[in-house]
Amino acid sequence: MNPHVILRVVSKFLIPLIALFAFYVQFHGDFGPGGGFQAGVILAAAVILYALIFGIDAAKKAVPPSAVRIGMSLGVLIYGGTGVATWLLGANFLEYGVLAHDPSHGQHYGILAVELGVLFSVASVMVAIFYAFGSRQPDLTDEDW
Amino acid sequence: MDLLSFFPEWVMTHGAALLVVLPLLMGVVLAILPSEKLAWALAFIVALICSVLALGLVLQIFGGESLVYSMGGWDPPHGISYVVDALSAPVLLLISLMAVLCLLYAWPSVRAEVEPKKRAPFYAAFLVCMAGLLGMVVTGDAFNVFVFLEVSSISTYVLVGMGASRDRRALTASFNYLILGSIGATFFVVGLGFLFMETGTLNMADMARILRDLDGGSRVAQVAFAFIIIGLGLKLAMFPLHVWLPSAYAHSPSFVTAFLASTATKAALYLLLRFTFTIFDVNINYVGRAEMILLVGFGVAGMIFASLQAIFQTDARRTLAYSSVAQVGYMLLGIGLATAAGAAAGYLHLLNHAVIKGGLFICLGAMWYRFGITRISDFRGLSKTMPWTMGAFTISALSLIGVPFTAGFVSKVNLATAAANEGWWWAVGVIVITSILAIIYMGNILKEAYFKEPPVVNGAIVARNEAPLMMLIPMWALALASIAIGINSDLMVQAANGAAELLFPVTNALPGGVTP
Amino acid sequence: MFDLIFTHFNYAVVIVLMMVGLYVIFATQNLIKKLVGLSVFQTSVFLLYITIGKVSGGQPPILVESHGGDHALLSEPVLVASAAPVATHSGAYGPEVLYSNPLPHVLILTAIVVGVATLAIGLALVVRIREVYSTIEKDEIDALDYHFNLEGIDG
């Protein structure tokens, strides 16, 4: 019998909610407190909780390290790509106003794209740091603790 | 300037931002590349493009216009602006050119010193470091400086730590650098906080205007100044705060040492110039006094003590690292003179020293590559086993000492003249004495190489084994540049005069150059 | 004296944290504890910046406005205790509200991220140091390196 049955059941129920809350924070960042940084950390927290309860190997199956690595770069590229897009549209770097006909809508889209990049990067970096430290072979066995 | 017409107009208006964005984004792409060769090629291309861009910016500045670029279309003082002027443009060119030369050298050296799996991320970290250095020079926003300072520092810790596969002491060196570097950056950001309290703005030009209106401001501004000087002092290895530098330079991969020695401390020195002369003003009472006492005092102490320490090192890279601390002292002396000629001479030495030290460290790296040499006693007979490398090393070493017709001579003479003009004859004496100390410590190395026979291994004298071409090109390029500057220094003096003109409203601080 | 401390309570905490952090960094030989000290030291700066951003009587810096398509204003204007005319936001958005300065918060969010990155790199280095030297005490590492140097097996 698994000793952590309560933890397992509760976290199975909570992890989707945590992920959902991350996206709420992400898209609510448009109107109030929130945004990519916070959402990214919350999303990463969901993955880390999963790894803590079900083991790091299971987590690596769900969120493979290669995907994490690409996610880190992808986030920065989305951010930078938004800037490059505004360059291509003939404005200054990250001048979101040109992204739509109405400058205020352009600002809106620009911020959404940039925050999405931040979400990818922050979540991936957090998970990557956790994997990097978690995957090291401990030289103490469980009994020694 | 006819050369300027080769650059498209778009590149010239957006060049300041492109210079930072390109290496940053490509660094991120490199991080996920599997192939080391592709990573190197991309890094090299990026560095080349950056050099061309920086050249375009320098030409534009020499044409008489300075450039302000508003990030995101938000005009200063509210938005982040990138400013290219006579002070920053030459440093930008220096950083990107050194990146190109070091990357040429990196091709063989990184293969010898870094594990295969880590090579592509290594180049990624290098590009991010380069983006950080370029960013902190080009930005006109004080907090943005901190961000780029940390971007470059954090990637530097990684780069230094990568030396672990060759020398395990790289790990502790990197850790010490991380602790002290973070303290320095935190002091800097505390200073910025106080400065923001006093002025309510983060734009450098706006800060300068408000501080001038406030006549130097209250005690808050004084505290800010103190914190900023100490923070930058840690980053640029001002004498008592230099303890991280020798081991970081001695144990990191030799490519990293060459790049850091010629750019990282230089970018921090640029920031010191920027903060003490344009944001604060030498005419403000406490700034002038701090420069007299702090910068000159520590600069001179560093020149003497670091040179003495350099003499007693057994590791050649440590000798050069301590010599770097001493050379920072020369630049601080120039800045501390607080005259146009002094600042120009310090700035000139900043540019020249980057050329000299970059060359020296590349030569040392080549010697390690062929014979595994780091100790001075192992230099025996290197003039016969690696004549070309030793030739480049000798030229750069003479330049470091300050022999006539080399770059080092030009900047030392200008520095001594600037000090003499102020009546600081003791400073001239110190410059002469430390030059003699430089003869001793560089002479130790040269003596081993030229006047001793190559060692005998397995009954035979070690055969001639020259460094690969990819290493010879950058080291000779830098050695020849050093001589070229020594023979005709008009271009460098012109750059230094342009910078001094920006800091002090006078023309032709140094004789011998044509004002732009 | 006490008045000064109580009216500048935040600053007192900043100074205490900063000195504690610096002391820990230099007093301990344990590399992990050094990083803890560094984090405490950096935290003091976060607090300093947040203190700067606070405007007495200021609202949280969220635009008081409904998100209607026609940019309609809230029907109830927010009443503010001390509406200093300098820092009020008026004009197109209607009600006069005194906001705290959001800029330092944004700045310090960046500094926090920088701190996290530094800490991660520092911890990674400590892990590697422990793998190579099997200790994380600085004096023991120095002793090991000293012998390493004497035996001349470097390079």
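Structural data are supplied above this passage.
Residues numbered from 1 in each chain as written. Chains lettered and ligands numbered in written order. Predicted model: local features only at pLDDT ≥ 70, side-chain atom pairs only at ≥ 80, totals over all residues.

Asks: Quick question: what am I supposed to make of the overall build of chain C here?
Replies: Along its length, chain C carries five helices and two strands. Counting all 155 residues of chain C, 20% fall into the buried class. In chain C, the share of contacts with a sequence separation of at least 24, taken over all contacts with a separation of at least 6, comes to 55%. (Helix = DSSP H or I, 4+ residues; strand = E, 2+ residues; numbered from the N terminus. Buried ≥ 20, exposed ≤ 12 C-beta atoms within 10 Å, placed from the backbone. Contact = placed C-beta atoms within 7 Å.)

Asks: What is the right way to read the nonpolar core from this model?
Replies: For soluble globular proteins, the rule of thumb is that nonpolar side chains tend to be buried together. Residue and element names in this part refer to chain B. One finds Ala43, Leu92, Ile95 and Leu127 to be the most contacted residues of the largest nonpolar core, which totals 278 residues. Among the elements that line this core, the one with the most residues is helix α13 (residues 340–371), at 21 residues. With residues near it in sequence (within four places) discarded, Ile95 still touches Met130, Leu133, Leu134, Val137, Thr263 and Ala267. (Core = buried A, V, L, I, M, F, W, Y, C linked by C-beta atoms within 7 Å.)

Asks: Help me understand the packing of helix α6 (residues 169–199) of chain B against helix α3 (residues 31–53) of chain C, please; the structure alone is not making it clear to me.
Replies: Relative orientation and spacing of two packed helices are given, respectively, by the angle between their axes and the distance between those axes. Remark: α6(B) packs on α3(C), axes separated minimally by 10 Å, with the N-to-C direction vectors making an angle of 10°. Relative to α3(C), the element α6(B) is oriented roughly parallel. When α6(B) is examined against α3(C), the residues Phe175(B), Ile179(B), Ser182(B), Thr186(B), Val189(B), Val190(B), Gly193(B), Phe196(B) and Met197(B) are found in contact with a partner set consisting of Leu31(C), Lys34(C), Leu38(C), Phe41(C), Gln42(C), Val45(C), Leu48(C), Tyr49(C) and Ile52(C). Per-class residue counts for the contact of α6(B) with α3(C) are 13 nonpolar, four polar and one charged. (Axes fitted to C-alpha atoms, helices over the stretch in contact; angles between N-to-C directions. Parallel < 35°, antiparallel > 145°, perpendicular 65-115°, else oblique. Nonpolar A, V, L, I, M, F, W, Y, C, P; charged D, E, K, R; others polar.)

Asks: Sorry if this is basic, but what is going on with the interface of chain B and chain C here?
Replies: Quoted interface sizes are often the accessible area lost when the parts come together. Chain B puts 26 residues into the contact, and the matching count from chain C is 26 residues. With 14 residues, α6(B) is the single largest residue contributor to the side of chain B that touches chain C. A class-by-class count of the residues in the side of chain B that touches chain C yields 14 nonpolar, eight polar and four charged.

Asks: Please clarify how the interface of chain B and chain A should be interpreted in this entry.
Replies: Taken residue by residue, the interface counts 13 residues in chain B and 14 residues in chain A. Grouping the amino acids of the side of chain B that touches chain A by side-chain chemistry returns nine nonpolar, four polar and no charged.

Asks: Help me understand the packing of helix α16 (residues 407–421) of chain B against helix α17 (residues 425–451) of chain B in this model?
Replies: Residues and elements named next belong to chain B. Between α16 and α17, whose axes approach to 7 Å, the crossing angle comes to 155°. Considering the angle they form, α16 stands roughly antiparallel to α17. Taken as a pair, α16 and α17 cross one another with a handedness that is left-handed. Residue-level contacts link Lys412, Leu415, Ala416, Ala419 and Ala420 of α16 to Trp425, Ala427, Val428, Ile431 and Ser435 of α17. Here the contact of α16 with α17 is built from residues that sort into eight nonpolar, one polar and one charged. (Left-handed = near helix turned anticlockwise from the far one by under 90°.)

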